[in-house]
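# Understanding the architecture of this molecule
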Amino acid sequence: MERRGATQHLRLAPRPVTILLDILHDFVAFFQLTAFSSVTWQMATMWVVCGVLFYLGVHKKFEPLLLVPIAFGALLANLPTEGMITSRVLADGLVETGVLTVHGTPLDTGGFRIDHITGGLYDFLYQGIKLEIFPPLIFLGIGALTDFGPLIANPRTLLLGAAAQLGVLATFLGAGLLGFNAQQSASIGIIGGADGPTAIFLTSKLAPELLGAVAVAAYTYMALVPLIQPPIMRALTTAKERKIRMQSLRQVSRLEKLVFALLVTVTVILLVPAAAPLIGMLMLGNFLRECGVTERLLKASQTEIINVVTIFLGTSVGITMAGENFLRPQTLLIIALGIVAFGLGTAGGVLAAKLLNLFSRRNPINPLIGSAGVSAVPMAARVSQVEGQKADPANFLLMHAMGPNVAGVIGTAVIAGYYIATLGK
Amino acid sequence: MERRGATQHLRLAPRPVTILLDILHDFVAFFQLTAFSSVTWQMATMWVVCGVLFYLGVHKKFEPLLLVPIAFGALLANLPTEGMITSRVLADGLVETGVLTVHGTPLDTGGFRIDHITGGLYDFLYQGIKLEIFPPLIFLGIGALTDFGPLIANPRTLLLGAAAQLGVLATFLGAGLLGFNAQQSASIGIIGGADGPTAIFLTSKLAPELLGAVAVAAYTYMALVPLIQPPIMRALTTAKERKIRMQSLRQVSRLEKLVFALLVTVTVILLVPAAAPLIGMLMLGNFLRECGVTERLLKASQTEIINVVTIFLGTSVGITMAGENFLRPQTLLIIALGIVAFGLGTAGGVLAAKLLNLFSRRNPINPLIGSAGVSAVPMAARVSQVEGQKADPANFLLMHAMGPNVAGVIGTAVIAGYYIATLGK
Amino acid sequence: MERRGATQHLRLAPRPVTILLDILHDFVAFFQLTAFSSVTWQMATMWVVCGVLFYLGVHKKFEPLLLVPIAFGALLANLPTEGMITSRVLADGLVETGVLTVHGTPLDTGGFRIDHITGGLYDFLYQGIKLEIFPPLIFLGIGALTDFGPLIANPRTLLLGAAAQLGVLATFLGAGLLGFNAQQSASIGIIGGADGPTAIFLTSKLAPELLGAVAVAAYTYMALVPLIQPPIMRALTTAKERKIRMQSLRQVSRLEKLVFALLVTVTVILLVPAAAPLIGMLMLGNFLRECGVTERLLKASQTEIINVVTIFLGTSVGITMAGENFLRPQTLLIIALGIVAFGLGTAGGVLAAKLLNLFSRRNPINPLIGSAGVSAVPMAARVSQVEGQKADPANFLLMHAMGPNVAGVIGTAVIAGYYIATLGK
Amino acid sequence: MPLFPATLALTLPEYPTLADSLQYQLTGFLVVVFTLGSLAALVGLLGRIFAALDKRRGPAGAAAKTALPAHPAAPGDEISPAILAAIAGAVAAALGDSRFAIRSVQMADPRQNLVWSAEGRRSIYASRHVR
Amino acid sequence: MPLFPATLALTLPEYPTLADSLQYQLTGFLVVVFTLGSLAALVGLLGRIFAALDKRRGPAGAAAKTALPAHPAAPGDEISPAILAAIAGAVAAALGDSRFAIRSVQMADPRQNLVWSAEGRRSIYASRHVR
Amino acid sequence: MPLFPATLALTLPEYPTLADSLQYQLTGFLVVVFTLGSLAALVGLLGRIFAALDKRRGPAGAAAKTALPAHPAAPGDEISPAILAAIAGAVAAALGDSRFAIRSVQMADPRQNLVWSAEGRRSIYASRHVR
Ligand code: NA
Ligand code: NA
Ligand code: NA
């Protein structure tokens, strides 16, 4: 029994005592080998970060559908799990997650028989992000949940959605100045688009090492839109502008909505092909919604697909937040840059509305709806409504603000396509 | 700055102007490189085809649950998308879709670490068709939605479901005469079976290059059954035959239905093993339906599974319809042969009913229910009902026609199994 | 026409006769080559086994949500299907299921293009078990369906859940004595944990050749808990003990439940990392349930995910039950050992409750709730309630028994983690 | 020499002659007819067995069976089976054909559950036949 | 020499200078504005076409269109569109602004269907604006 | 020399002796008891902390907590918690044991939500215990 060192000296003890000591030794050795010893300070620190995220998600109700799964995934990423996730330390000290290894046998007949694929649960589930499958599926659901009617009734608001991307662009510059490379700068800038799935889609392609920080910043700030936007909106508008009443929106027919969905699909993909997975799925979902003859598929898109994918998307984003990746000065910079991006996007939308008013004096736009161009559907539109009513309690801006609000989703997908086309490997 | 050729000659211009020209140059170059230039005449033509399919699906309500996703997928297939689908031009000029490329590193420990899988969204989703996973899952749902009671109560109608496969067989001959090879002829013939999932299952195995055309023909004609069948039914029957009242169907107990599901599974798989994925899943769904103790699983089969899979199946079929594949004279031939297949199947069912009546004078079959053997559940059965009431308003044939109607599903799966066993590589 | 041997001698017969004979020959040859000939005695025997399982699941209502799909999968496994499942006979005569073969082309650019993956429907679906994805997803749903309140209100009951694992441990010894190796013994012992997903998770990792037998035994005995447990409970308790009334449980707040979910996640994973996939998903589901702000995700976990996965999990377990694997003396031994494991687990729980009462005289535990520690949620807890009311009709033990009942789920996951950490390859 | 050395079906060339195709297709038709014919025979046998069992059990059992509907109505049905049965019963009564009174309950089932492939055709038919 | 030999966008170095970044971003902004601007033009055109078609069809068609709600209420909605329309109508009437009587039906739609990203914010807002 | 050079658990042969198996299993049991024991201690501590916090907050907070049910009833529940509470209250009142009046609301929860693995057993139990 040479393998049980601890009991070597106890040969003369009676058998039951020996066994008890053996068991005690094995018991301690089991824990020593498999557990506490592998807890690092980064892990312990991340538990606090997870606690903060849980607090924001559950108590503060900041986008809980995403923040709760992200926080839970981050907790799992910072525990010494086995069979959950396989990580690999890269040359630059970063941790790559979602590593799969195939074991197989080449056959005489030419193929390669797969004997076993080594990987934990989230090595498989995370492929939904790594292979960029989850974000387009979320967009399928979002398209199925979105009414583009207000945008169609007032197509000028598309330009407000475009202008709000200024935040994305300006933040790219700032990130570059702070030392991030171009791919990372694009991923940080996209936070200003206030579109979670688009941010995840772009970041997992260009800078996967920042995925956790970018996603957390994006969803946190989306929830903070009611705090971030109003001061900027008020600073950039006059009291008179805030009281502008907009012309009532016309009713948009079903056929017009269907043509719109196809028009967006064709136009955007022709101009920015790399936006296809996002725009294509968004408009597929919307077509299923508006065509009125595919109720079953619509319901599947609006509920089953988006809900199930959200659980796996959120936890998969969280699982990338190993302390080694997240606890870097970069993360703080990203969070700081994210709020700048949001603010600049808000400003861009408001200023664009004022600019448009220079050209159409007869049918002016209330610049308060410009801020809704950052997306964050429908929160930003509600902020427009609330601010509008502060200036004129009888002014209903909500439906008008839905136009730039959903236009911002398209705008951010377009800028993501631009980045992918030019910076993607 | 040698890389910006267009601005080389403007060195003396003041800096802001230079930058503006640089930006304009970059802007034009971006679109030139990524978009419109890659639009081919085939793409533009296919947009019209997609428009027709949308019209049929949405306005005419031809099987919209399938035609709408197919048309949307076809639209995506004929836009210069990036990150959506990877195609590969084969030696014969056809385009293969759904191409995945694995990048990895052989490890010292023997395995092969997957570093990255290159592929767009539909390269992954399309695997559900390529690997023949979606059609059996649809059959799981169809089984969960089908009541085989009328078939069990009148088992002779199984023979009507067999006879309606005549259309499949005859069309094979016609396709061969028109120059299609055996695999293609089988895929075209199966259109006459009026079973979408079976047609997709067989075609993706034997002749994937025809998938789009076969699926579109199958679903379009299924929707046209009320126009295609009645003239044939009337031509082949006498007024007296059309007035035949059939004996009332007995009540079938739950246990009998359960035994039936197992009996079909065992018998069909023993005789035609290659029909197993379709028949096995069909009868699994039906068993879950009839056993009465698996409500949760039944509901999942009837709604979540079939709805979600239908979205991905439909769009994946559409995504194979690249203009290069679809805009061939073959496609018109397939559409022409498809209607022949439907007509012959209808005739086969009606004539088989008349033949059976020669042997059982005491309990005759109204030959109008024979046409329901082509499947197209439950449309073909309704056609029988409508035609029957034209001859005798008090004659209710619907339930009687449900027998051959669901038998046709089994019959087409069997013939598909025969083709796979004999023509499958 | 040298290939049609049977008609060689009939050259002089008129053409139609020749063709008819040719067809008849082909017809017989088709069946001869593809079907009945491949039916083995093991298959035929397994049909009877499937019949018994259907009887237990449908008529006796023994865990029908699992036994019905398992039985249907087993039926498919024992028919000569094609395109359904690829098996491979291993050196020891056992059959490995779920074999995939990749065919591809190495590219000049470095990657490996996948041209085709050979495999039947269940070769793909079965990967959900082989790669250990399904059981944690089921646990996600179970966590979303479980109220840990009674456990939190009375944390001592965690020790009853631990004690009930005695059945697992003792059965390991018995299995070893009967000639099973350590991996197999652990898989057999886990039957006593009365947790289907955990048993499937562990067995597919340590002894996949026993998967069918272990799963069938586990689910059958879980259904038989009301027959197995009462005699043991009565034998080990006095009438006085059975009449113990327990202190009323306090109300547990939402926050406390949330902290509990995180506490279990952290503690168990720190101590037994290999239990992470099960415990992590269980507590993720429970967190989604208790946090109150993720209704959409909760519903997806409780219904869509668990229902869909159960269909595929059940049939995939069944598909491993090829006669060659199942019809071995081992299977009978496993079934015999399984009932021993259940009995010993019951005894362990009851005796542990009596032991705890020695230390806390003021607040005694009714030992009848100890038996609920074997899990089998919520059946075992109901057995405690029923037995308690036999002794004292006014005694309500149900909620008290839910404590050890759900603790048993954690306990079995922990012991599974211990086995995986020490015996996993 | 094997009993059946080869079949046309398994050695069909890529571009078969019409005669070969015909032989191949007729073989296939025979396979389909034989398979579904076997099923028909087995299901017929099954029915007779169940009828015999029913007779032994007597009228009590049969009554109980009729009382229990095979399925609860699927969620989202527009017309409840009960209403449909009432309508069908009324129609049958008006026509003086009492056979339909019983069948009508069963009729409700497939029409409601097979909506899958039918959804698109509903409106076209709505005006043409009794729903 | 190709017409456009290279663009900064496609050859941006990993760490671009601020000037290069600026040029790259402004190009990007131009791409976004051009793309969404093109869409705006096309959608505007679309609207005019539909308006022209509507006029031809006359008031009968328009009335029919208004009568049909675009979507049935999603399951699980707390407030039915009808109720919301009634509330909104009452509000508008109180304010003496008749424009809202029509718009209000449409307003119900996005608020109920875009609940997705809104669910978490509901309670915060509940007290601050009309729901 | 490492402190714990090796353990039986990690070097268990494929076919261990009974003594080795026993030692291995008892170690495993110790692992389970220690893990769940640690949990029990932590959860007990947690409970005391929450009790202390509750006391500070005073009776107002506690009352509010009781008023709010932990979960809305799951869709498809046959018996609503309210009805169940009423029944349980009636039973308790009849037995003269007022403790049950409060517990009964909580009792409703697991029975309805843990239907998952219970569905199959329902009918067997239906006649044997109060549902
Ligand atoms: Na945006
Ligand atoms: Na058919
Ligand atoms: Na257990």
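Residues numbered from 1 in each chain as written. Chains lettered and ligands numbered in written order. Predicted model: local features only at pLDDT ≥ 70, side-chain atom pairs only at ≥ 80, totals over all residues. Heavy atoms only, no water.

## A few points about the overall build of chain D
For the record, the criterion: Helix and strand definitions here come from DSSP, where helices need a minimum of 4 consecutive H or I residues and strands a minimum of 2 consecutive E residues; each element is numbered from the N-terminal end. Think of it in three bands: residues with accessible area under 20% of the maximum for their type are buried, residues over 50% are exposed, and the middle band is partly exposed, with areas taken using a 1.4 Å probe on protein chains only. Residue-level accessible areas treat just the shown protein chains as cover; the underlying method is Shrake-Rupley with a 1.4 Å probe.
Counting secondary structure elements, chain D contains five helices and zero strands. Listing the helices and strands of chain D from first to last along the sequence gives α-α-α-α-α. The proportion of buried residues among the 131 residues of chain D is 41%. If you sum the accessible surface of chain D, you get close to 7,000 Å²; carbon and sulfur atoms cover 69% of it.

## With respect to the overall build of chain A
Defined as follows: Note on contacts: a residue pair qualifies if any of its non-hydrogen atoms lie within 4.5 Å across the two residues. Just so you know, the count uses Lys and Arg for positive and Asp and Glu for negative, and it drops His and the chain ends. Think of each charge as sitting on NZ of Lys, CZ of Arg, CG of Asp or CD of Glu.
Along chain A, the regular secondary structure elements total 20 helices and four strands. Projected onto its principal axes, the C-alpha positions of chain A cover 105 × 55 × 40 Å. Each of the 425 residues in chain A was classed as buried or not, and the buried ones make up 71%. The long-range share in chain A, meaning contacts at least 24 apart out of those at least 6 apart in sequence, stands at 74%. Accessible area for chain A stands at about 12,500 Å²; split by element, carbon and sulfur atoms hold 66% of it. Separation between the mean location of the 29 positive side-chain charges and that of the 22 negative ones in chain A comes to 12 Å.

## Here's the deal with the nonpolar core
The cut-off we apply is this: Here, the term nonpolar core denotes a set of buried Ala, Val, Leu, Ile, Met, Phe, Trp, Tyr and Cys residues that are joined through side-chain atoms within 4.5 Å.
Counting residues in each nonpolar core, the largest one holds 515 residues, and the members touching the most others are A:Ile410, A:Tyr419, B:Ile410, B:Tyr419, C:Ile410 and C:Tyr419. Here the element with the most residues in this core is helix H20 (residues 398-423) of chain C; it accounts for 17 residues. Apart from residues no more than four positions distant in its own chain, B:Ile410 is found in contact with B:Phe148, B:Leu151, B:Val264, B:Val268, B:Ile279, B:Leu282, B:Met283, D:Leu36 and D:Leu39.

## Here we look at the coordination of the sodium ion (ligand 2)
Residues and elements named next belong to chain B. To keep it simple, the criterion reads: Coordinating donors are taken as N, O and S atoms within 2.8 Å of the metal, stretched to 3.2 Å for Na, K and Ca; because water is absent from the atoms, sites can appear incomplete.
Listed as protein donors to the sodium ion (ligand 2) are Gly193 (O), Asp195 (OD), Ser375 (OG), Gly408 (O) and Thr412 (OG1); their distances from the metal cover 2.1 to 3.2 Å. Binding-site remark: the sodium ion (ligand 2) is held by donors from one chain whose sequence spacing is G-x1-D-x179-S-x32-G-x3-T. Pair noted here: Asp195 is in the loop between helix H10 (182-189) and helix H11 (196-206) and Thr412 is in helix H20 (residues 398-423), with a separation of 217 residues, a long-range link. Accessibility expressed as a relative area gives 0% for Thr412, which makes it buried.

## Quick notes on the coordination of the sodium ion (ligand 1)
Residues and elements named next belong to chain A. The protein atoms that coordinate the sodium ion (ligand 1) are Gly193 (O), Asp195 (OD), Ser375 (OG), Gly408 (O) and Thr412 (OG1), at distances of 2.1 to 3.2 Å. Along the chain, the residues that donate to the sodium ion (ligand 1) are spaced as G-x1-D-x179-S-x32-G-x3-T. Taken together, the residues Gly193 in the loop between helix H10 (182-189) and helix H11 (196-206) and Thr412 in helix H20 (residues 398-423) connect sequence positions 219 residues apart.

## So, unusual backbone geometry
All names here are of chain A. Put simply, Val377 and Pro378 share a cis peptide bond, and its omega is -10°. Within the fold, Pro378 resides in the loop between helix H18 (329-359) and helix H19 (379-391). Notably, Glu63 is not glycine yet its phi reads approximately 35°, a positive angle. You can see Glu63 is positioned in the loop between helix H2 (41-59) and helix H3 (64-77). What makes Glu63 buried here is its relative accessible area of 6%.

## Comments concerning helix H9 (residues 166-177) of chain B
In an α-helix there are 3.6 residues to a turn, and that puts residues three or four apart on one side. Residues and elements named next belong to chain B. Keep this limit in mind: To estimate the expected span of a helix, count its residues, drop one, and scale the result by 1.5 Å.
For H9, spanning 12 residues, the distance from its first C-alpha to its last is 17 Å, which sits close to the expected 16 Å at 1.5 Å a residue. Every buried residue of H9 is listed here: Gly167, Val168, Leu169, Thr171, Phe172, Leu173 and Ala175. In the segment just after H9, Gly179 is the residue with positive phi, at about 100°.

## Looking at the pairing of strand S4 (residues 112-118) of chain B
Defined as follows: DSSP bridges decide pairing: two strands pair if at least two such bridges lie between them.
As paired elements, strand S3 (residues 100-106) of chain A and S4(B) share three bridges and run antiparallel to each other. Each bridged residue has a counterpart across the sheet, and for A:Leu100 the counterpart in S4(B) is B:Ile114. Note that strand S3 (residues 100-106) of chain B and S4(B) share six bridges and pair antiparallel. Across the sheet, the residue bridging to B:Thr101 is B:Thr118, located in S4(B). The antiparallel pairing of S3(B) with S4(B) creates a hairpin that spans five residues between the two strands, and B:Gly110 there sits at a positive phi of about 110°.

## Observations concerning the confidence of the model for chain A
Note the threshold: The predictor's confidence in any single residue is recorded as pLDDT, a number from 0 to 100.
Model confidence for chain A is summarised by a mean pLDDT of 91, while 95% of its residues fall at 70 or above. Residue range residues 1-11 of chain A is modelled with pLDDT below 50. Its contacts to residues more than four positions away, or to other chains, number 17 contacts.

## Notes on the sheet that holds S3(B)
Quick reminder of the rule: Only the stretch in contact is used when fitting a helix axis, every axis being a line fitted to C-alpha atoms; angles between N-to-C directions are given from 0 to 180 degrees.
Pairing is antiparallel around the closed barrel formed by six strands, whose spatial order is S3(A)-S4(A)-S3(C)-S4(C)-S3(B)-S4(B). Here the strands of the sheet are splayed against their neighbours by 50° on average, with no regard to which way each runs.

## Overview of a nonpolar patch on the surface
Residues and elements named next belong to chain D. Applicable threshold: Patch criteria: residues need more than 30% relative accessible area and no salt bridge. Like-charged residues are merged within 9 Å; nonpolar side chains of Val, Leu, Ile, Met, Phe, Trp and Tyr are merged within 5 Å. Salt bridge, as used here, is a side-chain nitrogen of Lys or Arg placed within 4 Å of a carboxyl oxygen of Asp or Glu.
Among the surface-exposed residues, Leu42, Leu45, Ile49 and Leu53 lie close enough to one another that they form a single nonpolar patch of about 320 Å² accessible area. Tracing the sequence through the fold places Leu42 in helix H1 (residues 18-67). According to the relative accessible area criterion, Leu42 is partly exposed, its value standing at 32%.

## Considering the pattern of salt bridges
Applying the stated criterion to the full structure yields 36 salt bridges over all chains. Measuring nitrogen to oxygen at the nearest pair gives 3.0 Å for the salt bridge that ties A:Lys257 to A:Asp147. Within this pair, whereas A:Lys257 is found in helix H14 (residues 254-271), its partner A:Asp147 is found in the loop between helix H6 (134-145) and helix H7 (149-153), the two being separated by 110 residues in sequence. Judged by relative accessible area, A:Lys257 falls into the buried class, the value being 5%. The class of A:Asp147 is buried, set by a relative accessible area of 1%. Of the charged contacts in the structure, one is a salt bridge between B:Arg113 and B:Asp115, with a shortest N-O distance of 3.0 Å. Accessibility expressed as a relative area gives 14% for B:Arg113, which makes it buried. Overlapping salt bridges, with partners in common, bring together A:Arg88, A:Glu96 and A:Lys130 in one network.

## A closer look at the packing of helix H9 (residues 166-177) of chain C against helix H10 (residues 182-189) of chain C
All names here are of chain C. For clarity, the threshold we go by: If an angle is under 35 degrees, it is roughly parallel; if it is over 145, roughly antiparallel; if it lies from 65 to 115, roughly perpendicular; otherwise it is oblique. Helix crossings get a hand from a simple test, with the near helix turned counterclockwise from the far one by less than a right angle marking a left-handed crossing and a clockwise turn marking a right-handed one. Three classes are used: nonpolar for Ala, Val, Leu, Ile, Met, Phe, Trp, Tyr, Cys and Pro, charged for Asp, Glu, Lys and Arg, and polar for all others, with Gly counted as polar.
Put simply, H9 and H10 touch, their axes get as near as 8 Å, and they point 135° apart. The angle between the axes of H9 and H10 places the two elements in the oblique class. When you trace H9 past H10, the crossing you get is right-handed. From H9, Val168, Thr171, Phe172, Ala175 and Gly176 reach across to H10, where they touch Ala182, Ser185, Ala186, Ile188 and Gly189. Here the contact of H9 with H10 is built from residues that sort into six nonpolar, four polar and no charged.

## What about the packing of helix H19 (residues 379-391) of chain B against H20(B)?
Residues and elements named next belong to chain B. Where H19 contacts H20, the two axes come as close as 8 Å, and the packing angle between them is 145°. In the packing of H19 onto H20, the handedness of the crossing is right-handed. Every residue of H20 that contacts H19 at Ala380, Ala381, Arg382, Ser384 and Gln385 is listed here: Leu398, Ala401, Met402 and Asn405.

## A closer look at the confidence of the model for chain D
Residue and element names in this part refer to chain D. On average, chain D scores 56 in pLDDT, and the residues at 70 or more come to 36%. Predicted confidence is poor over residues 1-5, with pLDDT under 50, and the contacts of this stretch with residues over four places away or in other chains come to six contacts. Segment residues 60-131 is flagged for pLDDT under 50; beyond a separation of four residues in sequence, or across chains, it makes 97 contacts in the model. Overall fold confidence for the complex sits at a pTM of 0.86, while the interface term, ipTM, reaches 0.85.

## Remarks on the side chain of A:Gln229
Residues and elements named next belong to chain A. Quick reminder of the rule: Counting of polar contacts relies on pairs of N or O atoms within 3.5 Å, with two restrictions inside protein: one atom must be capable of donating a hydrogen and the other of accepting it, and residues adjacent in sequence are counted only when both atoms are side-chain atoms.
Inspection of the secondary structure puts Gln229 in helix H12 (residues 211-235). Side-chain polar atoms of Gln229 contact the side chain of Thr346, separated by 3.0 Å. Not counting residues within four places of it along the chain, the set of residues in contact with Gln229 comprises Thr346, Ser371, Val374, Ala380 and Val383.

## Topic: the state of the cysteines
Heads up, the rule is: For this text, the term disulfide refers to a pair of cysteine sulfurs within 2.5 Å.
The final tally for this structure, using the stated rule, is zero disulfides over all chains. With no disulfide of its own, B:Cys50 lies 15 Å from the sulfur of A:Cys291, the closest cysteine sulfur.

## Notes on the side chain of C:Ser384
With respect to the helices and strands, the residue C:Ser384 is situated in helix H19 (residues 379-391). Setting aside its immediate chain neighbours within four residues, C:Ser384 contacts C:Met233, C:Leu368, C:Ile369, C:Ser371, C:Ala372, C:Leu397 and C:Ala401.

## Remarks on the environment of A:Gly388
All names here are of chain A. Inspection of the secondary structure puts Gly388 in helix H19. Separated by 149 residues in sequence, Gly388 and Ala239 have C-alpha atoms that sit 10.0 Å apart. Sequence-distant contacts of Gly388, defined by excluding residues within four places in its chain, comprise Arg242, Leu368, Asn395 and Leu397.

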